[in-house]
Amino acid sequence: RAKSLGGNNYQIFQRNMATEASETLSLEGEIRRAFEEQEYTLYLQPKVDMEGHIQGFESLIRWDHPERGILPPNEFIPAMESLGMIEAMDNFVLEASCRQLKVLEKLYQDVTIAVNISSTHFTDRNFISYLKSCLDRYPIDPSRLELEITETLLMENMSIGLEVIEQIKELGVRIAIDDFGTGYSSLSYLKKLPVDTLKIDREFIKDIPDSESDMQISSVIIFLAKQLNFKVVAEGVETSEQLVFLKANQCDLAQGFYFSKPIPAHQALLLLESERLHQ
Ligand code: C2E
Ligand code: MG
Ligand code: MG
Ligand code: MG
């Protein structure tokens, strides 16, 4: 009996492996097809100052899938990373963002756009040359472009990370540490890093004002950022209470559903336009 059960389990196991393998295969095929069919589309989420005025945007990619609708990055970015296709995605977003900055430049020279760069891509040799070629093709003030990298990436490979950061800084492009507080940055490294911005992870914002400890952590991060001359952005702001708290603690910028969800790039530009008209 045990033997036959084992046999059945083995069959089930094999069948699951086969399904998984074919699902991975079809996702890979779909991801490739989507590049050809131009199904990836740039969404922007506003970053606002403590008065709620738009200072810039973060580029967040979406997949406009013909059958499944708009898909968020967590449904395809992990697959792209393991398939070695994230470089193509990030480069697409980088290029599209530089193009938007070029468009914006005519009307609003002060607006910034931040682009997420995957950790595997950031330390890749070709990355800096692609960045340079983008800045050549879209001549913009490079300080309007910010690259968001995660804390974990930096800590995992500090020497390469630091080298790349220095090369990026030489180009005049800004750098933000994303999801700050969730990794394990050492404070002595943080002081040495030539980065411009710290983004406080949503994890520390979401339970404000209920969580006393999250309020303490957030205010300490803001204070630390100020002491080290970084700009500080709170991500995932959803309520007016959270904004009041951040303002009282002199946070520089906020980003979150309270102001706007990520929206298609053309809509984001309209939002900026109407805001500036009424300012
Ligand atoms: P992230 O860079 O930390 O981006 C912030 C995420 O929080 C976004 O999720 C955004 O939609 C979401 N968010 C913003 N405000 C709120 C809020 O008030 N409440 C809640 N619940 N969520 C909020 P999204 O767009 O799903 O992106 C998830 C992650 O995928 C990003 O985290 C980033 O790490 C990655 N990602 C997005 N676009 C790209 C890209 O072009 N390249 C790479 N390498 N990664 C990307
Ligand atoms: Mg980000
Ligand atoms: Mg983030
Ligand atoms: Mg985050």
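What counts, and where the lines are drawn
Residues numbered from 1 in each chain as written. Chains lettered and ligands numbered in written order. Predicted model: local features only at pLDDT ≥ 70, side-chain atom pairs only at ≥ 80, totals over all residues. Heavy atoms only, no water. Helix = DSSP H or I, 4+ residues; strand = E, 2+ residues; numbered from the N terminus. Contact = heavy atoms within 4.5 Å. Donors = N, O, S within 2.8 Å, 3.2 Å for Na, K, Ca; no water. Buried < 20%, exposed > 50% of the residue type's maximum accessible area, 1.4 Å probe, protein only. Pairing = 2+ DSSP bridges.

A. View of the environment of Glu 87. By the secondary structure assignment, Glu 87 is in helix H3 (residues 86–105). Along the primary structure Glu 87 and Asp 201 are separated by 114 residues, whereas in three dimensions their C-alpha atoms are 24 Å apart. Once residues within four sequence positions are removed from consideration, Glu 87 is found in contact with Thr 120, His 121 and Asp 124.

B. Structural context of the coordination of the magnesium ion (ligand 2). In the first shell of the magnesium ion (ligand 2), the protein supplies Glu 58 (OE), Asn 116 (OD1), Glu 148 (OE) and Asp 178 (OD), at 2.0 to 2.3 Å from the metal. Coordination of the magnesium ion (ligand 2) draws on donor residues from a single chain, spaced E-x57-N-x31-E-x29-D in sequence. Taken as a pair, the magnesium ion (ligand 2) and the magnesium ion (ligand 3) show a spacing of 3.7 Å, with Asp 178 coordinating each metal. Placement of Asn 116 in strand E4 (residues 112–116) and of Asp 178 in strand E6 (residues 174–180) is noted, with a sequence separation of 62 residues between them.

C. Region of interest: the pairing of strand E1 (residues 40–49). Among the ten residues of E1, nine are classified as buried, and the element is accordingly described as predominantly covered. Of the strand pairs in this sheet, E1 and strand E2 (residues 54–65) are connected by nine bridges, and their pairing is antiparallel. Each bridged residue has a counterpart across the sheet, and for Pro 46 the counterpart in E2 is Phe 57. Hairpin remark: E1 followed by E2, antiparallel, with four residues in the connecting loop; positive phi at Gly 52, about 90°. Note: E1 against strand E10 (residues 263–264), two bridges, orientation antiparallel. Its bridge partner being in E10, Tyr 43 is matched across the sheet by Pro 264.

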